Amino acid sequence: MPRKPRPAQKMKGFYRALCLICLGFITLVRSAENNIITIGIPPQDEKLFQSERIKCKDGSKTFSRERLNDDFCDCADGTDEPGTSACPEGKFYCRNVGHTPLLLFSSRVNDGICDCCDGSDEYDGKVKCSNTCWEAGRVTREKLKKKLATYKEGFEIRRKEIEHAKQMTAKEKVELASLKEEETKLKDLVDKLKVTKEAIEKAEEQERQKRENEEQKIKDAEKQAEQKESLQSTESSDLDSQHVSQGMPESSVQENKGSDETEGLSREELGRLVASRWTGEEVGQQVKDSTNDHSDQEEHDAKLDTEESQQHDEYDDYSAEDEEAENRSEEEEEDDGSESKTDEEDEEDIEQNESSQDYLESMDTPGLSTSTGLSWWGKLQQGFQSILRRVKLSRVQVDMSDAARVRKDYNDLSRKLSKLQSRISTLENKLKQDYGNDGEFYSFYDQCFEHKENKYTYKICPYKQASQVEGHSTTSLGRWDGFKDSYKIMEFSNGDRCWNGPDRSLKIRLRCGLKNEFDDVDEPSRCEYVASLLTPAVCRQERLQELQKRLDSLNQDIQSHDEL
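Residues numbered from 1 in each chain as written. Predicted model: local features only at pLDDT ≥ 70, side-chain atom pairs only at ≥ 80, totals over all residues. Heavy atoms only, no water.

Engineer: What should I look at first to understand the overall build of the protein in this one?
Structural biologist: When helices and strands are counted, the protein shows ten helices and twelve strands. Expressed as a percentage of the 564 residues in the protein, the buried residues total 33%. When contacts within the protein are restricted to residue pairs at least 6 apart in sequence, those whose partners lie at least 24 apart make up 49%. Taken as a whole, the protein presents about 36300 Å² of accessible surface, with 48% of it coming from carbon and sulfur. (Helix = DSSP H or I, 4+ residues; strand = E, 2+ residues; numbered from the N terminus. Buried < 20%, exposed > 50% of the residue type's maximum accessible area, 1.4 Å probe, protein only. Contact = heavy atoms within 4.5 Å. Areas by Shrake-Rupley, 256 points an atom, 1.4 Å probe, with all protein chains shown as cover.)

Engineer: Help me out: how do you make sense of the confidence of the model for the protein in this one?
Structural biologist: Low pLDDT marks regions whose predicted coordinates should not be analysed in detail. Mean pLDDT for the protein: 75, with 63% of residues reaching 70 or above. Per-element mean pLDDT across the protein ranges from 44 in helix 6 (residues 323–334) up to 96 in strand 9 (residues 489–493). A low-confidence stretch, residues 290–294 stays under pLDDT 50, and its non-local contacts, those more than four residues away or across chains, total six contacts. Low pLDDT, under 50, characterises residues 392–398; the stretch is placed with 31 contacts to residues that sit more than four places away or in other chains. (pLDDT = per-residue confidence, 0-100.)

Engineer: Would you take a moment to explain the environment of Arg 108 for this structure?
Structural biologist: Looking at the element boundaries, Arg 108 is found in the loop between strand 4 (102–105) and helix 2 (133–246). As a C-alpha pair, Arg 108 and Thr 84 span 24 residues in sequence and 8.6 Å in three-dimensional space.

Engineer: When you look at the state of the cysteines in this model, what are you seeing that I'm missing?
Structural biologist: What is meant by a disulfide is a covalent connection between two cysteines, made through their sulfur atoms. Across all of its chains, the model carries eight disulfides by this definition. Two residues, Cys 56 and Cys 75, share a disulfide whose sulfurs are 1.8 Å apart. With the S-S bond torsion at -70 degrees, the cross-link from Cys 56 to Cys 75 turns out left-handed. Remark: Cys 75 occurs in the loop between strand 2 (62–64) and strand 3 (91–94) and Cys 56 occurs in the loop between strand 1 (53–55) and strand 2; sequence separation between them is 19 residues. Look at Cys 56 and you get buried, because its relative accessible area is 3%. Shown here is the disulfide that connects Cys 73 with Cys 87, its sulfur atoms set 2.1 Å apart. Here the disulfide of Cys 73 and Cys 87 is right-handed, its torsion about the S-S bond being about 115 degrees. One end of the pair, Cys 73, is in the loop between strand 2 and strand 3; the other, Cys 87, is in the loop between strand 2 and strand 3, and 14 residues separate them in sequence. (Disulfide = S-S within 2.5 Å.)

Engineer: Looking at this structure, how should I read the environment of Thr 457?
Structural biologist: Within the secondary structure layout, Thr 457 lies in strand 6 (residues 456–461). For the pair Thr 457 and Ser 467, spaced ten residues apart in the sequence, the C-alpha separation amounts to 8.4 Å. If we skip the residues at most four places from it in the chain, Thr 457 touches Glu 450, His 451, Lys 452, Ser 467, Gln 468 and Val 469.

Engineer: Hey, could you run me through the pairing of strand 10 (residues 505–512) in this one?
Structural biologist: Along any regular strand, the residues point their side chains to alternate faces of the sheet. Burial along strand 10 is one-sided: the face carrying Leu 506, Ile 508, Leu 510 and Cys 512 is buried and the face carrying Ser 505, Lys 507, Arg 509 and Arg 511 is not. Bridge count for strand 9 against strand 10 is four bridges, and the pairing is antiparallel. What sits directly across from Glu 491, in strand 10, is Lys 507. Pairing between strand 10 and strand 12 (residues 528–535): eight bridges, direction parallel. Each residue of the ladder has a partner; that of Leu 510, found in strand 12, is Leu 533. (Pairing = 2+ DSSP bridges.)

Engineer: For this particular structure, what's the right way to read the nonpolar core?
Structural biologist: One recurring pattern in soluble globular proteins is that nonpolar side chains are buried together. Formed by 36 residues in total, the largest nonpolar core has its most connected members in Phe 441, Ile 460, Met 490, Leu 506, Ile 508 and Phe 518. If you list the elements that add at least two residues to this core, you get helix 2, strand 6, strand 8 (473–484), strand 9, strand 10, strand 11 (517–525), strand 12 and helix 10 (541–563). Beyond its immediate sequence surroundings of up to four residues, Phe 518 is in contact with Phe 449, Glu 450, His 451, Tyr 458, Lys 459, Ile 460, Ile 508, Ala 531, Ser 532 and Leu 533. (Core = buried A, V, L, I, M, F, W, Y, C linked by side-chain atoms within 4.5 Å.)

And the structure:
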């Protein structure tokens with residue numbers, strides 16, 4: 001027969017079971033107490049509360065671990081009361097396993113309202129909160145997956161944009177260096193042509209002054225002749241009037257004689273004849289004087305014509321060899337006190353001409369050649385050298401065909417230089433802009449984005465300005481003021497002033513998107529506008545990694561929940 005257990009043994013087993021139950025109860029109580037003490041603490045701060053003496057986050061004081069969540073505020077920043085509403089500045093951490101964690105003010109703890117989806121903020125039991133984190137987490141995970149897919153695709157677009165920006169920047173730097181080199185050469189040549197052009201214009205002005213002086217002399221001579229003839233005509237008229245008024249008697253013989261003498265005489269000669277009858281002067285002498293006067297006038301006019309003809313002949317036959325002789329002739333004719341150039345000045349002009357030729361002959365511009373075999377620079381050199389051989393710098397006499405050619409070359413090259421300098425200025429301004437840490441905003445420089453909202457059309461042009469358009473009226477919302485907050489915000493400032501208010505301004509928050517899209521314009525404060533812009537330029541790898549880590553954490557919580 002089997003032996004029955006002794007009563008002592010039964011009691012010993014009973015006590016052993018009772019001890020285990022008590023130990024388990026004590027452990028459960030201590031665990032509950034520990035959970036209550038550490039409730040509301042974020043995982044990243046758990047190490048801070050493991051020591052026996054805990055320091056307030058603001059460094060103002062320390063407190064013992066027993067005072068943690070004792071419903072009495074020891075730290076002004078609420079470090080010691082994360083799980084109670086004792087401190088106004090305290091923050092409660094909702095773990096929300098399976099969903100997104102949440103931080104809320106400690107004043108909402110045990111207030112009878114379920115703020116955390118896991119119900120951890122109402123742990124005193126007065127309100128029973130159901131756990132909705134799993135259902136809410138499913139929606140969150142779906143949104144997170146879509147956002148993560150957008151970031152992945154946007155990051156790839158961003159990478160390509162950065163590569164394109166690097167290539168274009170390098171290309172523009174090479175172009176800028178080449179344009180600056182060409183500008184130096186072209187500017188030097190334009191300066192040479194300008195000197196020649198000014199010399200030609202000076203010579204033309206001297207010729208013009210000379211012609212005007214000669215024309216003025218001829219006009220003065222003609223005017224003097226007219227005045228003299230008018231004076232003589234007036235004297236003759238006065239004598240005729242005097243003769244008629246006195247009624248001087250004439251015999252028939254004298255009348256016949258007078259009639260014969262007056263035949264074929266001009267009015268002036270007739271006047272002289274009448275005057276001779278009163279003065280007793282012989283008519284032959286007066287006619288002779290008159291003839292002499294006419295002869296003198298004709299000789300003077302002929303002389304002027306001859307001089308003018310000689311001047312034109314000298315102009316046509318002018319050459320560099322008789323230049324000094326003509327200068328001396330001009331000095332005698334014009335009598336204006338001007339002095340001809342000295343031999344030293346002539347030598348300086350010749351040296352200057354030769355240096356200009358040497359400059360063009362030594363110019364080497366292989367990079368400017370065209371498909372015709374001869375570069376435009378070479379053609380220009382040949383033409384300019386030909387002009388310099390035929391035109392002496394600072395000389396008075398020039399060939400008008402060369403003058404026209406110099407002007408044309410100067411004007412053409414000046415326009416070319418102006419366009420070249422404009423391109424240089426554009427490239428310099430473009431290359432000095434801030435395009436982000438990796439050049440991701442390079443494509444923004446030549447772009448503008450628009451968004452229509454109600455009756456307004458909003459238009460932003462990065463690196464330039466922003467505006468609000470209503471019909472034919474345009475209001476400036478500001479000029480470009482750069483990026484803010486680590487390239488997360490674009491800012492425009494100093495726009496048109498509001499009536500009785502501040503200058504208009506616009507802040508644009510950048511969000512990750514697959515294309516550049518300007519939307520969601522608002523005016524939270526008077527004349528201070530805010531908007532958002534979707535762009536792949538801000539689909540950064542760091543943010544992509546954060547989203548991936550968050551999704552992995554949610555998926556891990558789901559696996560743990562399924563195992564339970």
